[in-house]
Amino acid sequence: MKRLLLLSAAFLAAPAAAQSVAITNARLVIGDGSAPIEGGTVIVRDGRVVAAGKAVAVPAGIATVDAGGRWVTPGIVAGFTRMGIVEVDGVDETNDAGARTSPFHAAIDIAPAVNPATSSIPLNRAEGVTRAIVAPDNAGSIFAGQGAVIDLGADRSPITKARAFQFMEYGEGGARAAGGSRPAALIAFRNAIAQARDYARDPAHYADQGKDALLTRADAEALVPVVNGRMPLLVHVERAADMLALIELKRDFPALKLVFVGAGEGWMVARELAAAHVPVIASALADLPESFDQLGATQSNVGRMKAAGVLVGIGTINDDEARQARREKQYAGNLVALTKLPGATGLDWNAAFAAITSAPAEAIGLGDEIGSLKAGRRGDVVIWDGDPLELGTAVAAVYIDGIKQPLRTRQDALRERYMVPQEGALPKAYER
Amino acid sequence: MADRILPARLRALLGAAAITALLAGCASDGGAKPATASSKAGPGAGKGFTHDPYPSTYKPYPGVPTLVTHVTIFDGEGGRIDNGAVLFADGKIVELGQSVAAPAGATVIDGTGKTLTPGIIDIHSHLGDYPSPGVQANSDGNEATGPITADVWAEHSVWPQDPGFSRALVNGGVTTLQILPGSANLMGGRSVVIKNVYARTEQGMKFPGAPYGLKMACGENPKRVYGSKGREPSTRMGNIAVDRQTWARAAEYKRKWDKYEKDGGEIPGRDIAMDTLAGVLSGEILVQNHCYRADEMAIVMDMAKEFGYHVSAFHHAVEAYKIADLLKENGTCAAVWADWWGFKMESYDAIGENLALLQKNGACAMIHSDDANGIQRLNQEVAKALAAGRHAGIDISDAVAWEWLTYNPAKALGIADKTGSLKPGKMADVVLWNGNPFSVYTRPEKVWIDGALLYDANDPKRRPVSDFELGQPGAGDTK
């Protein structure tokens with residue numbers, strides 16, 4: 001049991017070299033859904049926010065940056081990604097998202113595979129993304145394994161929290177992984193939970209069935225914190241009826257901390273989601289019946305769920321999730337645009353910004369740690385040259401854990417090299 | 001859902017120019033059209049076979065004379081009028097200017113705070129041949145059974161009930177699109193250009209008088225698909241070898257038909273694939289070439305010279321910025337995304353300034369989607385590309401950037417004389433946006449195609465619902 005507790009205890013890595021900064025004269029966004037504060041100040045000390053608001057005095061001896069009235073916000077928390085575990089999706093050797101022939105599933109821990117040198121990290125950092133929820137991909141089981149929360153800082157320690165959640169596929173993908181049907185996926189789930197409980201009761205005597213096992217010893221062990229509610233279970237599900245079936249599972253397993261990912265038809269069961277306190281990390285703009293699980297898909301999904309009282313963040317689900325979390329800003333802006341469309345339901349600006357900062361953090365139980373500029377949170381702060389949801393806006397500065405970040409990318413170097421396409425006195429290869 | 005032949009796993013992961021001087025780079029003027037004997041009348045001329053066996057049956061829907069006033073206008077050819085007016089009637093643009101008198105009986109719309117543009121043209125779409133729902137039974141975009149399938153025509157796959165057409169219309173303001181075969185093959189077949197108007201048949205959507213395209217592909221896809229089957233091509237050099245051999249056969253086929261048309265005699269045998277390739281060699285069919293890498297585009301342009309054809313546009317040309325000068329010199333356009341990058345090896349060097357650098361260096365550039373979601377926000381994609389350029393010090397006006405959405409794709413499709421800009425006499429394919437279309441907070445408010453109002457955000461009845469969605473959850477909902 002001791003070992004178990006150690007494994008499941010929250011592991012929050014401390015920043016390597018925390019710093020302090022005060023940013024003043026800001027159009028300050030806290031990220032919790034409240035309205036921007038004109039002339040606001042945020043103070044970060046030793047890597048954490050100590051104060052943010054209007055009447056905040058700058059302590060002596062702290063480096064001060066005058067934002068000149070520009071927008072200052074918490075960094076974007078990418079709601080669902082595969083950032084840092086894939087360099088080029090189509091080049092298998094660089095893709096650690098899933099393991100087709102591995103005997104292990106739930107036990108897979110993505111954290112050690114996160115490579116801070118992955119090129120999507122500097123690129124998304126330069127666009128104001130400071131943290132990401134990183135999930136493994138399922139292969140051969142409904143369980144994909146244990147995901148992590150990472151920071152996008154330019155350093156060697158990307159992990160904010162390892163084993164932050166278990167990720168599971170349900171719906172069409174889960175059915176496929178379980179052998180071909182939803183009932184098969186549900187029994188796979190129930191069986192796994194039963195085995196995890198067996199393991200928890202007496203790990204030393206857990207029957208190791210070797211290759212015949214439906215669940216390896218390691219998988220059973222990994223599911224224990226899911227069963228007892230210490231680890232959120234993120235489930236990709238799109239169909240309204242499937243969401244109700246999963247909520248039903250909580251009757252038998254009340255400790256389960258369900259979080260739905262995707263949830264394209266969530267608006268059709270929004271009241272049930274709210275009543276069951278199931279947060280959602282949704283695809284913001286999915287509006288096509290891409291499958292029979294998404295016949296009801298509409299861009300109003302997020303707005304309607306939020307209006308019904310569901311906690312909703314935005315993610316990139318099967319949507320270039322290895323590299324394009326930066327688009328969440330655009331997605332959030334589009335939800336604001338819906339507020340002007342008769343018959344549609346969108347989000348106001350404040351809620352839209354929260355959907356890409358505090359909401360995904362809260363959905364996985366890290367709202368006290370990241371996603372807003374409330375006191376005590378990580379010092380992840382972005383200064384923008386305009387409205388952060390607007391398409392033409394660029395990032396002026398990024399701080400992660402209070403440390404000012406470099407913003408240059410490989411793309412910048414390519415652009416500079418080819419500003420004039422013709423070769424000069426020497427080949428292009430000498431221009432850098 | 002990008003780049004329609006990625007491995008299944010990856011598919012799941014992805015789910016997608018003032019100006020006359022600058023436009024001189026564009027393909028539509030046919031400057032590179034090779035000389036052909038078939039134009040000379042002879043005993044065999046016109047006796048061979050019809051070139052239009054599946055003709056368009058599209059008829060514009062009725063409209064009313066409409067005048068939009070006090071509106072910001074991007075005319076699609078780089079022009080801008082603030083607080084201006086546009087009149088269209090009988091399906092055509094009639095007049096635009098600072099102020100235009102309303103004819104009797106015209107509907108007058110106050111466009112204060114809004115923007116009026118030509119309808120968006122997507123040169124690269126798979127709506128209809130990879131429709132929603134994306135089930136195998138509907139998957140009709142790649143005839144991946146041989147590297148050369150110039151015999152297939154995308155129009156024979158297009159399902160006119162794809163719900164995606166409605167999203168492209170109401171959320172994207174897309175009025176014209178080219179549906180292409182996929183990129184598994186070196187020569188994937190003929191494309192078709194359609195108007196974004198639901199019809200019972202594909203022919204009912206078909207753009208009257210638009211030339212056909214031939215979809216070609218370079219790079220990773222053909223060599224992976226056929227290499228994995230243990231056959232040629234399995235390398236990039238294999239790609240070009242198979243292409244060249246095929247063009248050599250096409251030239252021979254064309255010679256036989258040209259001779260027959262000129263001299264009569266024994267009618268040559270028909271080959272459906274060769275019909276298409278001969279059509280390319282005679283300039284009747286435009287080459288639309290999927291190609292990411294700069295070095296490969298350069299080779300393809302030389303291959304085109306070797307066999308006497310012209311590449312109208314490179315699609316997915318993520319490295320076009322590296323050879324903007326060569327593209328300009330060859331009069332070949334580049335159709336690109338704003339920010340897609342890194343999902344496959346040949347997309348690794350994509351940069352956000354691609355469009356802006358092409359424009360700056362005088363090449364013909366345009367946005368495209370290749371994606372049922374991306375097609376709903378092409379205006380936003382251009383906004384991102386424009387902003388990337390401006391942040392890099394490349395100053396391009398909003399009105400010029402609108403060419404990337406309408407006039408340049410119209411040129412590369414050979415339909416710029418009919419649509420793509422708000423010039424009197426052209427089709428009244430028009431979008432009224434409820435703000436600045438380069439803002440994330442703006443949506444289409446009204447969309448007209450050939451002067452017929454086919455979408456109105458304020459009228460739930462002017463919102464198309466495809467047969468597939470009828471009676472399903474959310475039918476008729478805002479999408």
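An unreviewed UniProt entry lists chain B under the name Amidohydrolase, with Sphingomonas echinoides as the source organism.

Going by what an unreviewed UniProt entry lists, chain A is known as Amidohydrolase family protein and is assigned to Sphingomonas echinoides.

Q: Whenever I open this one, the sheet that holds strand β7 (residues 129-134) of chain A confuses me. Can you help?
A: Sheet strands associate in pairs through backbone hydrogen bonding, adopting either a parallel or an antiparallel arrangement. All names here are of chain A. Strand order in the open sheet formed by eight strands is β6-β7-β8-β9-β10-β11-β12-β13, with mixed pairing between adjacent strands. Pairing within the sheet leaves two strands with one partner each, and these edge strands are β6 (76-81) and β13 (312-315). Taking each pair of neighbouring strands and ignoring which way they run, the sheet shows an average axis angle of 30°. With six bridges connecting them, strand β8 (residues 143-151) and strand β9 (residues 159-169) associate as antiparallel partners. Its bridge partner lying in β9, I150 is registered against I159.

Q: What am I meant to see in the pairing of strand β9 (residues 213-217) of chain B here?
A: Along a regular strand, successive side chains alternate from one face of the sheet to the other. All names here are of chain B. Buried residues dominate β9, accounting for five of its five residues. On β9, burial covers both faces: G213, K215 and A217 on one face and L214 and M216 on the other are all buried. Pairing of strand β8 (residues 187-195) with β9, which is carried by four bridges, proceeds in the antiparallel orientation. By the bridge assignment for β9, G189 is matched with K215. Note that β9 and strand β10 (residues 286-290) share five bridges and pair parallel. Of the residues in β10, the one forming a bridge with K215 is Q288.

Q: Can you walk me through unusual backbone geometry in this structure?
A: When glycine is set aside, most residues are seen to have a negative phi, and most peptide bonds are trans. All names here are of chain B. Cis peptide bonds are those with omega within 30 degrees of zero, and the linkage from S132 to P133 qualifies with -5°. With respect to the element layout, P133 can be found in the loop between β6 (120-125) and α3 (164-170). Note that the residue after E232, namely P233, is joined by a cis bond; omega there is 0°. Of note, D90 is a non-glycine position whose phi angle comes to about 50°, a positive value. Checked against the element boundaries, D90 lands in the loop between β2 (80-89) and β3 (92-97). Positive phi, normally seen in glycine, also occurs at D450, with a value near 50°. Position of D450 among the secondary structure elements: in the loop between β15 (444-449) and β16 (452-456).

Conventions used here
Residues numbered from 1 in each chain as written. Chains lettered and ligands numbered in written order. Predicted model: local features only at pLDDT ≥ 70, side-chain atom pairs only at ≥ 80, totals over all residues. Pairing = 2+ DSSP bridges. Helix = DSSP H or I, 4+ residues; strand = E, 2+ residues; numbered from the N terminus. Axes fitted to C-alpha atoms, helices over the stretch in contact; angles between N-to-C directions. Buried ≥ 20, exposed ≤ 12 C-beta atoms within 10 Å, placed from the backbone.

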